[in-house]
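Descriptive analysis of the structure
Each chain is listed here by its residues.
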Number of protein chains: 2
Amino acid sequence: MGIVVDIKQERGDAQKPSFDALQNLVEEDLQKVNQHILNNMQSQVALIPQLASHIIAAGGKRLRPMLTLSAAKLCDYTGGRHVGLSACVEFIHTATLLHDDVVDESELRRGQESANAVWGNQASVLVGDFLFSRAFQLMVADGSLKILKILSDASAVIAEGEVLQLMTANDPQATEEAYLEVIRSKTATLFAAASQVGAVVADRPQVEEEALESFGMNLGIAFQLIDDVLDYSAKQAQLGKTVGDDFREGKVTLPLILAWRRGTDEEREFWRRTIEDLDQTGDDLEKAIQLMTEHNALADTVERARHYAAIAKDALGIFPSGEVKSAMLEVVDFCVDRAY
Amino acid sequence: MGIVVDIKQERGDAQKPSFDALQNLVEEDLQKVNQHILNNMQSQVALIPQLASHIIAAGGKRLRPMLTLSAAKLCDYTGGRHVGLSACVEFIHTATLLHDDVVDESELRRGQESANAVWGNQASVLVGDFLFSRAFQLMVADGSLKILKILSDASAVIAEGEVLQLMTANDPQATEEAYLEVIRSKTATLFAAASQVGAVVADRPQVEEEALESFGMNLGIAFQLIDDVLDYSAKQAQLGKTVGDDFREGKVTLPLILAWRRGTDEEREFWRRTIEDLDQTGDDLEKAIQLMTEHNALADTVERARHYAAIAKDALGIFPSGEVKSAMLEVVDFCVDRAY
């Protein structure tokens, strides 16, 4: 009996979707992207590479560049432009992270002190501007007006999304649609653009570009939904990350929106005090998680994420089967499954 | 006798260089640029046009767009692309102003409340990002990779200059060269790019592009030097602007660098206290102006500006005489003469 259970468990582990297959497939290109990033964040102004390497080297999964690399691979691209363009995507992402941390007054990023905590808001704003400009310089060096359009459009939408988020902050009555609009703009648009660029460098037909754009967009939405769940989850604590950042900042995400809509008047008083007024005491985070759990708000946010994940996977339906496609599909499942 | 004096005075006034001739020459185009700016700062996110119009409509001289317009006119350009590109230049400028005000914690801009004072730093950072992205969208719509290169290079240099300024802040021992490097990057580079773009749209030979780039660069340096003088000048007060902003922020500009280098040990103690330690009392600004005056630091900064102004004017030497060239030369003199 014991042996049977063991085998099941092993099989269970082996079937758990992971990031590894995709990572292995693009590993070589990713090394080049990392080198490209390092080379291009140099400046005679010493603070720029110091601060930039703090946030860029700090790790992160390089998910967005990997989307460009894997999309290009899926499209049988054999050239080298995807490397520089992946670096562009990561620079745009990093610039928004730097500005986000200033806007959110975050002191931590991926468990480390945030750049603004170390060097101050001023440096973070300006180095963000530098990386953003550098991204455009790299795109210009690549020379495709079409890609410049995709990524400058994405950048404008991201900024709009950030402003929209600022305007709807601390409002637990925000609708699910308003919240989706925010995460579509501020997160999913860059996932979409990063994926689309892979098809564009490979000079693939419009229908494949659109498929990859849709893949990225829906993966991005699912990814952000799960991120928002993790912020209230014990899983997050296991990973050594802080729990409750969104709550403490009064950031309104889907778990909270659902808990509000499904809650009693008394519970809404609680949300008003803690989220609208940011008047929080020691036990409030625990109580928030308890309310979300009671109302299935966390589990149902994962269900919503599954919906977008399913769309992302179907979007790849037009591509022939193969190891790249399999790895990309697995990453979608991984992005959702990391909630558990 | 009285009559003779009157005539002299009139002639004196008439000869005082002004901005008017250039303004009149490009007035029609400038109206189009303003319309283009208004049309392109729209967004369904209401805060964006609100905040953007606060800073853009607040006036300012539109000096940078006028450089593009007049350079194009000097190059006999007859198309319409210079309008959109002038708007790009103004958007880049406005984005940097928004971020500057956050970095400097400024409460006033052109005598009005700054955007960050009204809407907060967060909104200013994010709307700056939006305008910057929008500038690139407009460039992409224009479709010239050459101009995209000029303006993305300029944007990266501007950001580097801002970071450099941050690193050398509050250091009265900064060298004149270090200071020049800062203003060349953060101010003059965009003047240079704006002017060069005028030649590029007109498809003029390299030598004319370079002449206009040099014109803009040197005009920009002279302009910033005079701005830095005005910050300590009674003239500024007459114009209804605040005096002593740089002093209060401990910003190290050429008047201060000269006063420090020409000062006694005791005076350097004063500068250390007020600029390095930002430990200032009510009379300190007056005392600072007095020291600068005693050491000719303000007058000699104007002299330095004249040097760059002379280079700017000579740069236009290769262009045939005409009303556009005359007006551009007059603007150089105006930029220096506004010190008095």
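In what follows, the accompanying structure is described.

About the criteria used
Residues numbered from 1 in each chain as written. Chains lettered and ligands numbered in written order. Predicted model: local features only at pLDDT ≥ 70, side-chain atom pairs only at ≥ 80, totals over all residues. Helix = DSSP H or I, 4+ residues; strand = E, 2+ residues; numbered from the N terminus. Rg over C-alpha atoms; globule rule 2.2 N^0.38 Å. Core = buried A, V, L, I, M, F, W, Y, C linked by C-beta atoms within 7 Å. Buried ≥ 20, exposed ≤ 12 C-beta atoms within 10 Å, placed from the backbone. Contact = placed C-beta atoms within 7 Å. Arc of directions from axis to C-beta. Least-squares fit on C-alpha atoms with pLDDT ≥ 70 in both. Nonpolar A, V, L, I, M, F, W, Y, C, P; charged D, E, K, R; others polar. Axes fitted to C-alpha atoms, helices over the stretch in contact; angles between N-to-C directions. Left-handed = near helix turned anticlockwise from the far one by under 90°.

1. With respect to the overall build of chain A
Scanning chain A from N- to C-terminus turns up 16 helices and two strands. Its C-alpha radius of gyration of 20 Å places chain A within 12% of the 20 Å reference for a compact globule of 340 residues. Seen along its three principal axes, the alpha-carbon backbone of chain A occupies a region of about 60 × 60 × 40 Å.

2. Considerations on the nonpolar core
Judged by nonpolar contacts, the single largest core of 235 residues is most densely connected at Ala 222 of chain A together with Ala 222 of chain B. Considering each element in turn, this core owes the most residues, 14 residues, to helix α6 (residues 115-142) of chain A. Every residue in contact with Ala 222 of chain B, bar those within four places of it in the chain, is listed here: Ala 305, Tyr 308, Ala 309, Ala 312, Cys 335 and Val 336 of chain B.

3. Observations concerning helix α14 (residues 284-294) of chain A
Residue and element names in this part refer to chain A. Ala 288, Ile 289, Leu 291 and Met 292 are the residues of α14 that are buried. The arc that holds every buried residue of α14, seen down its axis, measures 160°, which confines them to one face. Set apart from the buried face of α14 by more than 90 degrees, the exposed residues are Glu 286, Gln 290 and Glu 294.

4. With respect to the relation of the copies chain A and chain B
Overlay of chain A on chain B (RMSD 0.0 Å): rotation 180°, translation along the axis 0.0 Å. Here the two chains are linked by the operation of a two-fold rotation axis. Mapped onto chain B, 100% of the interface residues of chain A again fall at the interface, so both copies present the same surface.

5. Looking at the interface of chain A and chain B
The partner chain B presents 35 residues to the 35 residues of chain A that form the contact. Listing elements by their share of the side of chain A that touches chain B, those giving two or more residues are α3 (47-57), α5 (81-104), α6 and α7 (145-167) of chain A. Per-element tally for the side of chain A that touches chain B: the top contributor is α7 of chain A, with 14 residues. Of the residues belonging to the side of chain A that touches chain B, the class tally is 21 nonpolar, eight polar and six charged.

6. Quick look at helix α13 (residues 254-261) of chain B
Residue and element names in this part refer to chain B. Among the eight residues in α13, seven count as buried, and that is most of the element. Turning to α13, its buried residues are Leu 254, Pro 255, Leu 256, Ile 257, Leu 258, Ala 259 and Trp 260. Contacts made by the buried residues of α13 are with α9 (176-201), α10 (206-230), α14 (265-276), α15 (284-294) and α16 (297-315).

7. Some remarks on the packing of α9 of chain B against α10 of chain B
All names here are of chain B. At a closest axis distance of 7 Å, the pairing of α9 and α10 adopts a crossing angle of 145°. Considering how the two elements wind past one another, α9 and α10 form a crossing that is right-handed. Touching Ile 183, Arg 184, Thr 187, Ala 188, Phe 191, Ala 192, Ala 194, Ser 195, Gln 196, Gly 198, Ala 199 and Val 200 of α9 are Glu 208, Glu 209, Leu 212, Glu 213, Phe 215, Gly 216, Met 217, Leu 219, Gly 220, Ile 221, Phe 223 and Gln 224, all from α10. Here the residues of the contact of α9 with α10 sort into 13 nonpolar, seven polar and four charged.

8. What to know about the environment of Phe 19 of chain A
Residue and element names in this part refer to chain A. Turning to its location among the elements, Phe 19 is positioned in the loop between α1 (2-15) and α2 (20-40). Assessed through the 16 C-beta atoms surrounding it within 10 Å, Phe 19 is described here as partly exposed. Separated by 290 residues in the primary sequence, Phe 19 and Ala 309 place their C-alpha atoms 15 Å from one another. Setting aside its immediate chain neighbours within four residues, Phe 19 contacts Val 331 and Phe 334.

9. Re the environment of Gln 137 of chain B
Tracing the sequence through the fold places Gln 137 of chain B in helix α7 (residues 121-142). On a C-alpha basis, the gap between Gln 137 of chain B and Asn 40 of chain B in space is 9.8 Å, while along the polypeptide they are 97 residues apart. Here Gln 137 of chain B is in contact with Ser 152, Asp 153 and Ala 156 of chain A, once residues within four sequence places are set aside.

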